[in-house]
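Observations on the three-dimensional arrangement
Chain by chain, the residues run as shown.
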Amino acid sequence: MKFEKTTEKQSNYRHLERMGTEEVLRNINNEDRTVPMAVEAAIPQIVGLVDIIKEKILAGGRLFYIGAGTSGRLGVLDASECPPTYGVSPHLIVGLMAGGDGALRYGIEDAEDDAELGWKDIQAHNVNPRDVVIGVAASGTTPYVKGALRNAQKANIVTGCIVCNHSSPIARYADFPIEVIVGPEFVTGSTRMKSGTAQKLILNMISTSVMIGIGLVEDNQMVNMQVSNKKLVDRGVRMVMKQAGIDNYEKAKLTLLKCGSVKLAIQELNMT
């Protein structure tokens with residue numbers, strides 16, 4: 001299939017400035033409804049990438065997300081949420097974006113034009129063939145991401161991508177390309193909208209299914225989460241009480257705080 005930037009096509013709507021607030025909101029919502037269907041169509045592509053990530057992590061590898069702009073921020077967000085949610089090292093899933101951490105808050109848009117910078121940023125983390133590198137780029141053309149994947153492939157590192165156009169240049173350098181085609185944006189070319197939503201959904205699917213697959217979820221519970229604030233301590237205590245079959249809140253809380261995780265607290269209580 002010929003490469004075509006559907007993400008840059010004209011919006012299905014005209015004269016947005018003439019719309020009332022409710023009309024704008026309903027039209028955005030109508031467009032957003034199409035995103036889950038586009039993600040569903042990409043699930044067969046997602047499966048292969050998730051399976052290789054699980055295999056690599058269980059063998060001692062890591063997962064890297066690399067992107068620019070909205071795509072980069074979404075990768076960093078997903079990576080940063082895994083340690084508190086699943087108790088993993090912050091070095092297991094690493095999010096990198098063009099312009100560095102400063103670009104998370106303030107746009108450094110020209111950083112994405114450097115085709116060698118992405119690979120340099122990953123190399124700073126001693127990336128190697130045990131790892132997986134996923135490029136996140138709605139357009140599928142971002143030089144920062146394309147250069148990183150190209151060099152990763154040359155170094156025999158497994159690569160994947162999450163893009164929103166068919167047959168993109170970045171997909172050519174992905175062993176496991178995920179192409180989620182959401183069509184034109186409500187505001188023409190504003191890929192922080194449907195494209196960003198689709199990428200966020202897929203990132204959630206990847207990290208969650210990987211964490212389940214490497215044994216960090218039991219039943220439907222986050223038994224390895226970091227109990228780092230009052231809300232999470234309370235949630236953890238109630239999980240411990242249910243799983244250990246006790247009704248003493250304070251005993252469960254003391255055990256949880258001593259052990260540091262729901263899983264270890266349950267194990268200790270079950271031995272007593």
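Here the structure is shown first, and the text comes after it.
Residues numbered from 1 in each chain as written. Predicted model: local features only at pLDDT ≥ 70, side-chain atom pairs only at ≥ 80, totals over all residues. Heavy atoms only, no water.

On the surface, a cluster of negative charge is made up of Glu109, Asp110, Asp113 and Asp114. Tracing the sequence through the fold places aspartate 110 in the loop between α4 (102-105) and α5 (117-123). Judged by its relative accessible area of 57%, aspartate 110 falls in the exposed class. (Patch = residues over 30% accessible without salt bridge, like charges linked within 9 Å, V, L, I, M, F, W, Y side chains within 5 Å. Areas by Shrake-Rupley, 256 points an atom, 1.4 Å probe, with all protein chains shown as cover. Salt bridge = Lys/Arg side-chain N within 4 Å of Asp/Glu carboxyl O. Lys, Arg positive; Asp, Glu negative; His and termini not counted. Charge placed at Lys NZ, Arg CZ, Asp CG, Glu CD. Helix = DSSP H or I, 4+ residues; strand = E, 2+ residues; numbered from the N terminus. Buried < 20%, exposed > 50% of the residue type's maximum accessible area, 1.4 Å probe, protein only.)

A cluster of nonpolar residues, Ile43, Val47 and Met205, forms a patch on the protein surface that exposes about 210 Å² of accessible area. Looking at the secondary structure, you find isoleucine 43 in helix α2 (residues 35-58).

Two residues of an α-helix separated by three or four positions point the same way, owing to the 3.6 residues in each turn. For helix α6 (residues 143-154), spanning twelve residues, the distance from its first C-alpha to its last is 16 Å, which sits close to the expected 16 Å at 1.5 Å a residue. Turning to α6, its buried residues number three or more, namely Tyr144, Val145, Gly147, Ala148, Leu149, Arg150, Asn151 and Ala152. Looking one or two residues past α6, asparagine 156 carries a phi angle of roughly 60°, positive in sign. (Expected span 1.5 Å × (residues − 1).)

Let us look at unusual backbone geometry. The phi angle at histidine 15 is positive, at roughly 55°, despite the residue not being glycine. Mapped onto the elements, histidine 15 comes out in the segment before α1 (21-32). Histidine 15 sits in the partly exposed class, given a relative accessible area of 36%. One non-glycine residue, asparagine 156, lies in the positive phi region at around 60°. Looking at the secondary structure, you find asparagine 156 in the loop between α6 and β4 (158-163). We classify asparagine 156 as exposed; its relative accessible area is 62%.

We now examine the sheet that holds β4. Spatial ordering of the open sheet is given by β2-β1-β3-β4-β5, a layout of five strands whose pairing is parallel. Edge strands, defined here as strands with exactly one partner in the open sheet, are β2 (93-97) and β5 (176-179). On average, adjacent strands in this sheet sit at an angle of 15° to one another, irrespective of strand direction. By the bridge criterion, five bridges tie strand β1 (residues 63-67) to strand β3 (residues 132-136) in an arrangement that is parallel. Across the sheet, glycine 67 pairs through a bridge with valine 136, a residue of β3. Contacting β1, β3, β4 and β5, α2 runs over the sheet at an angle of about 145° to β5. Docked against the sheet, helix α7 (residues 194-213) engages β1, β2, β3, β4 and β5, running at close to 145° with respect to β4. (Pairing = 2+ DSSP bridges. Axes fitted to C-alpha atoms, helices over the stretch in contact; angles between N-to-C directions. Contact = heavy atoms within 4.5 Å.)

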